[in-house]
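Architecture and fold: a report
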Amino acid sequence: MDSTAYKSGVTDAFTRAAGSYDRGGVGFFTPMGRELVRLAAPRPGERVLDVGCGRGAALFPAAEAVGPGGRAVGIDIAATMIEAAREEVRRIGAGNVELLVMDAERPHFPNASFDLVLGGYSILFLPEAPAALARYPRIMAPGGRLAFTCPLFVPGSFPFLPPVFTPMFPPSVFAALPPDWQPDELRRRYNGWLSDVAELEAVLEAAGFTGVEVRDQTVPMTAESPSAWVEWSHTQGMRLLWDRLPVPVAGELRRSLVAGLTELAAEDGSLVIDTPVRFVTAEIIS
Ligand SMILES: C[S@@+](CC[C@H](N)C(=O)[O-])C[C@H]1O[C@@H](n2cnc3c(N)ncnc32)[C@H](O)[C@@H]1O
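All values derive from a computational prediction rather than experimental measurement. (Residues numbered from 1 in each chain as written. Predicted model: local features only at pLDDT ≥ 70, side-chain atom pairs only at ≥ 80, totals over all residues. Heavy atoms only, no water.)

**Observations regarding the site of the ligand**
Around the ligand, a shell composed of 21 residues is seen, among which Tyr21, Gly52, Asp76, Ala104 and Gly120 lie nearest. At 2.8 Å, a backbone N or O of Gly52 approaches a nitrogen atom of the ligand. The separation between an oxygen atom of the ligand and a polar side-chain atom of Asp76 is 2.6 Å. Class assignment for the residues of the shell around the ligand results in 14 nonpolar, four polar and three charged. (Near = heavy atom within 4 Å. Polar contact = N/O pair within 3.5 Å; in protein donor to acceptor, adjacent residues only side chain to side chain. Nonpolar A, V, L, I, M, F, W, Y, C, P; charged D, E, K, R; others polar.)

**Observations concerning the UniProt feature "domain: Methyltransferase" (unreviewed entry) in the protein chain**
Those places that UniProt annotates as "domain: Methyltransferase" (unreviewed entry) correspond, in this numbering, to residues 48–144. Annotation note: span residues 48–144, helix share 32%, strand share 28%, distance between end C-alpha atoms 10 Å. (UniProt positions renumbered as here; feature names shortened; annotations may be inferred. Helix = DSSP H or I, 4+ residues; strand = E, 2+ residues; numbered from the N terminus.)

**Points about the pairing of strand 4 (residues 97–101)**
Pairing analysis gives five bridges linking strand 3 (residues 71–76) to strand 4, with the strands arranged parallel. When the bridges of strand 4 are listed, Gly74 appears paired with Leu99. Handedness of the β-α-β unit built from strand 3, helix 4 (residues 79–92) and strand 4 comes out right-handed. (Pairing = 2+ DSSP bridges. Right-handed = clockwise from strand over helix to strand, strands pointing away.)

**Side note on the nonpolar core**
Leu118, Tyr136, Phe169, Leu204, Trp229 and Leu257 are the most contacted members of the largest nonpolar core, which totals 89 residues. Looking at this core, the element that brings in the most residues is strand 8 (residues 271–284), giving seven residues. One finds Cys53, Phe60, Ala63 and Leu99 within the second-largest nonpolar core, a separate group that totals eleven residues. (Core = buried A, V, L, I, M, F, W, Y, C linked by side-chain atoms within 4.5 Å. Buried < 20%, exposed > 50% of the residue type's maximum accessible area, 1.4 Å probe, protein only.)

**Concerning the pattern of salt bridges**
As enumerated under the stated definition, the model contains 19 salt bridges in all. Across the pair Arg38 and Glu35 runs a salt bridge, and its minimum N-O distance is 2.9 Å. Note that Arg38 and Glu35 are positioned in helix 2 (residues 29–40) at a spacing of three residues, about one turn of the helix. Residue class for Arg38 comes out exposed when judged on its relative accessible area of 55%. Residues Arg188 and Glu185 are paired through a salt bridge, measuring 2.5 Å at the closest nitrogen-oxygen approach. (Salt bridge = Lys/Arg side-chain N within 4 Å of Asp/Glu carboxyl O.)

**Examining the environment of Ala250**
Relative to the helices and strands, Ala250 resides in helix 12 (residues 247–264). Look at Ala250 and you get buried, because its relative accessible area is 17%. Considering only alpha carbons, one finds Ala250 and Val173, 77 residues apart in sequence, at a separation of 7.7 Å. In contact with Ala250, not counting residues within four places along its chain, are Trp242 and Leu245. (Contact = heavy atoms within 4.5 Å.)

**Thoughts on the pairing of strand 3**
Summarising burial for strand 3: five of the six residues are buried, a large majority. Where strand 2 (residues 47–51) meets strand 3, five bridges bridge the pair, whose relative direction is parallel. Pairing of Asp50 across the sheet is with Gly74, part of strand 3. Following the backbone out of strand 2, through helix 3 (residues 59–66) and into the adjacent parallel strand 3, one traces a crossover that is right-handed.

**Quick notes on the sheet that holds strand 3**
Strand pairing in a sheet relies on backbone hydrogen bonds. The paired strands run either parallel or antiparallel. A sheet is described by the order of its strands in space; here eight strands give the open sequence 1-7-8-6-5-2-3-4, paired in mixed fashion. Each edge of the sheet is formed by a strand with only one pairing partner; in this case those strands are strand 1 (26–27) and strand 4. Most of the contacts of helix 4 go to strand 4, to which it runs at about 165°, and overall it touches strand 3 and strand 4. Running over the sheet, helix 9 (residues 197–206) touches strand 6 (140–151), strand 7 (209–223) and strand 8 and is turned about 125° from strand 7. (Axes fitted to C-alpha atoms, helices over the stretch in contact; angles between N-to-C directions.)

**So, unusual backbone geometry**
Unusually for a residue other than glycine, Ala41 sits at a positive phi of about 45°. Inspection of the secondary structure puts Ala41 in the loop between helix 2 and strand 2. A relative accessible area of 39% places Ala41 in the partly exposed class. A positive phi angle is found at Asn191, which is not glycine, with a value near 55°. Within the fold, Asn191 resides in the loop between helix 8 (183–189) and helix 9.

**So, helix 9**
Every buried residue of helix 9 is accounted for by Leu200, Val203 and Leu204. Along helix 9, the residues classed as buried sweep out an arc of 95° about the axis, all on the same side. Exposed residues lying more than 90 degrees from the buried face of helix 9 are Ala198 and Ala206. Packing partners of the buried residues in helix 9 comprise helix 5 (129–133), strand 6, strand 7 and strand 8. (Arc of directions from axis to C-beta.)

Structure follows, in structure tokens:
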């Protein structure tokens, strides 16, 4: 798949997912965004850019941290995500937030516009992420920092999901998917270099960053019930997978996920799944 077709597939999936993205009975992006902002530690008065901001899981905590004297700009390629985030701005009256539909691979801002660039689970979706990252130092002020999250890809497991999900994927799922949707190929496409710390450091250094720190932590993914989790999985990146499965195979996967998650659930049916997440921070070479 070429990068233009791939990018329009991603855009389409998130455009359709935005209405229910990060809402409903599952908590994951919101606590991960908060943790990213805690680690990045924006200071009052700073200017923050959140690339692939979605509905603002990291953007709103960052806006709160920089306060009325600072500015938090969120960009996303999916116009519906930006619209949903704008509604939140109106709801909470966040006067220091600006939202723009923009490709994170080609950010159009004047030189030295930002002190901090955030990317919550978004860099992995950029088909040419190393080249995109190399465009960020220009728009960052001297001493500017970068902080982003990505999934921890575990060999042999379905990318994006904690290893506990691996046995819940029936072989029919992989049999139904074309070669470019097999787990190893997905890992490669979703920026496999993020999985290898040495490669990750090399890519960031080539892009103009230094002081790279990689922290692997777990974020608790909470769900009201197994079926709430399955519904939620249609509202994020996994939608790309659901959309490609023939109806009977999708039904089989759904049943298998509900059965597997039921075994992990507490007595009231709720779930807490520790999800490995990679938190990366760096600063620009001044
Ligand atoms: C998994 S979501 C994360 C959203 C948000 N950062 C969060 O933590 O909830 C990935 C987001 O990246 C956006 N995205 C994907 N490719 C993009 C691109 N080329 N430019 C800007 N945004 C992009 C998607 O539209 C989606 O909103």
